[in-house]
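So you can see what is in the structure, the chains are spelled out below.
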Amino acid sequence: MRSGLIDRRAFVKAAGLTFLAALKPGALMALERTDAVYASGIRAADGSFALATVTEQGRIVDQVALPARAHGMAFSKATGKTVAFARRPGTYAMIFDPWNKAKPIVISAKEGRHFYGHGTFSPDGRLLYASENDFDNNRGIIGLYDSSNRFARISEYETYGIGPHDMTVSDDGRFLIVANGGIETHPDFGRTKLNLDHMEPSLTLIDAASGRLIEKHTLPPQYAQVSTRHVDIDANGRVWFACQYEGHRNDLPPLVGHFARGEDLTFVTLPDDTTRALGNYVGAIAVNRAENLVGVTSPVEGTSVTLDARTGKVLKVESIADAAGIAPASHGFAVSSYDGNFLGEHSDVAWDQHIVRIKRSAA
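Each value, and the rule that gives it
- Residues numbered from 1 in each chain as written.
- Predicted model: local features only at pLDDT ≥ 70, side-chain atom pairs only at ≥ 80, totals over all residues.
- Heavy atoms only, no water.
- Helix = DSSP H or I, 4+ residues; strand = E, 2+ residues; numbered from the N terminus.
- Buried < 20%, exposed > 50% of the residue type's maximum accessible area, 1.4 Å probe, protein only.
- Contact = heavy atoms within 4.5 Å.
- Pairing = 2+ DSSP bridges.
- Axes fitted to C-alpha atoms, helices over the stretch in contact; angles between N-to-C directions.
- Polar contact = N/O pair within 3.5 Å; in protein donor to acceptor, adjacent residues only side chain to side chain.
- pLDDT = per-residue confidence, 0-100.

Naming follows an unreviewed UniProt entry, where the chain appears as DUF1513 domain-containing protein of Rhizobium miluonense.

Caption draft 1: Broad picture of the overall build of the chain. When its secondary structure is counted, the chain shows 3 helices and 28 strands. Across the 363 residues in the chain, those meeting the buried criterion constitute 58%. Within the chain, counting contacts between residues at least 6 apart in sequence, those at least 24 apart form 48% of the total.

Caption draft 2: Broad picture of the sheet that holds strand E22 (residues 303–308). As summarised here, the arrangement of the 4 strands in space is E20-E21-E22-E23, forming an open sheet in which the pairing is antiparallel. Either end of the sheet is taken by a strand with one partner, and the two such strands are strand E20 (284–288) and strand E23 (314–319). Averaged over all pairs of adjacent strands, the angle between their axes in this sheet comes to 15°, without regard to strand direction. The sheet contact formed by E20 and strand E21 (residues 293–298) spans 5 bridges and is antiparallel. Considered in E21, the bridge of Ala286 is made with Gly295.

Caption draft 3: Just the environment of His114, in detail. Note that His114 resides in strand E8 (residues 113–121). Beyond its immediate stretch of four places on either side in the chain, His114 contacts Arg88, Pro89, Gly90, Thr91, Ala109, Ser131, Glu132, Asn133, Phe135, Thr185 and Pro187.

Caption draft 4: View of the sheet that holds strand E3 (residues 60–65). If you trace the 4 strands from one edge of the open sheet to the other, you get E3-E2-E1-E28, paired in antiparallel fashion. In the strand order of this sheet, the two ends are held by E3 and strand E28 (349–357), each with one partner. On average, adjacent strands in this sheet sit at an angle of 30° to one another, irrespective of strand direction. With 7 bridges connecting them, strand E1 (residues 37–44) and strand E2 (residues 49–55) associate as antiparallel partners. Paired with Gly41 across the strands is Leu51, a residue of E2.

Caption draft 5: The arrangement of unusual backbone geometry in detail. Here the amide bond leading from Arg88 into Pro89 is cis, since omega sits at 0°, within 30 degrees of zero. Mapped onto the elements, Pro89 comes out in the loop between strand E5 (82–86) and strand E6 (92–96). Here the phi dihedral of Asn138 falls at roughly 50°; this positive angle occurs in a residue that is not glycine. Here Asn138 shows up in the loop between strand E9 (127–134) and strand E10 (139–146). The class for Asn138 is partly exposed, based on a relative accessible area of 25%.

Caption draft 6: Looking closely at the pairing of E8. Of all the 9 residues making up E8, 9 are buried; the element is thus mostly covered by neighbouring parts of the structure. Two strands pair when backbone bridges link them, and E8 and E9 are joined in this way by 6 bridges, in the antiparallel orientation. Looking at E9, one finds that Gly119 is bridged to Ala130.

Caption draft 7: Quick peek at the side chain of His186. Assignment of secondary structure puts His186 in the loop between strand E13 (175–180) and strand E14 (202–207). With relative accessibility at 14%, the residue His186 sits in the buried group. Within the structure, the side chain of His186 is placed 3.0 Å from the side chain of Asp136, a separation counted as a polar contact.

Caption draft 8: Structural view of the confidence of the model for the chain. Here the chain averages 89 in pLDDT, and 88% of its residues register 70 or above. Scored below 50 in pLDDT, residues 1–23 makes 59 contacts in the model with residues more than four places away or belonging to other chains.

This is the structure in structure tokens:
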């Protein structure tokens, strides 16, 4: 599983006495009772930003201050390192150790670039890949960062598209999969989308060793305003992707699909009422490999949807106000919300858009 379950005993053992001694009694009790640990960006009640470690019961057990708002997360199960990427058009990424053994490392985007809020680790944890914007040339870029040298930037690949957002890597590390949202942006215009009348959404499969393009799946003209945004991989290596629609609000475009190498894209046919419940906007996607489930959330209409990964059939639709992040849980999915709820537990914070489930590798 790309973002695996963390065993409570392994977490406590890896954390050490210093970390545990610093926890408040309530947080320590929550940690002792949980079977899973997650990480997500938050905005605290005082307006500051942090990265929070949270149990499967929704209890916050630790926080690490962030320099600005975060967006997506990446986790290396080989090394235990976790990364919070700045929200577009931010220029920082912070790498931290969830077990508090080392000071966080903050890296900055190369001049002329900004981060797009997402990235992923190579399976061995040696490389961090980050989606970036070469904004003056309107090119999507993957930045390569060396974890053995304090995450120094060592190279870059093209994404073969514009507006790359989320990305992932195949389990064997051979391929990078990028969701090119197809939307042109420039930091001089903040978060304004500059080309909604001629978007170019696509999904690309890239050789991780060379940066060579293996496959490019450009969405058909009738779906040119369906921005491909987030991706995850199921147990069979199939890539699932989720979209955000930039067209007329009354349209009912496809929002979820999947593909494997050598195949065309396949869109899941959602019932019209489910598409409406998602508000033409999927903010996050996650795969629960153990149960063959795909989960998506939308903060627009406050909805979480669970699909059968084998058939694409809708299994469950839940109304969750301000639904934000989603990640696999012991059963089904953990869902967070902008209004402070995480699996039904309320905290005086605003959870950000994405969750990552973290696991310490065996010693």
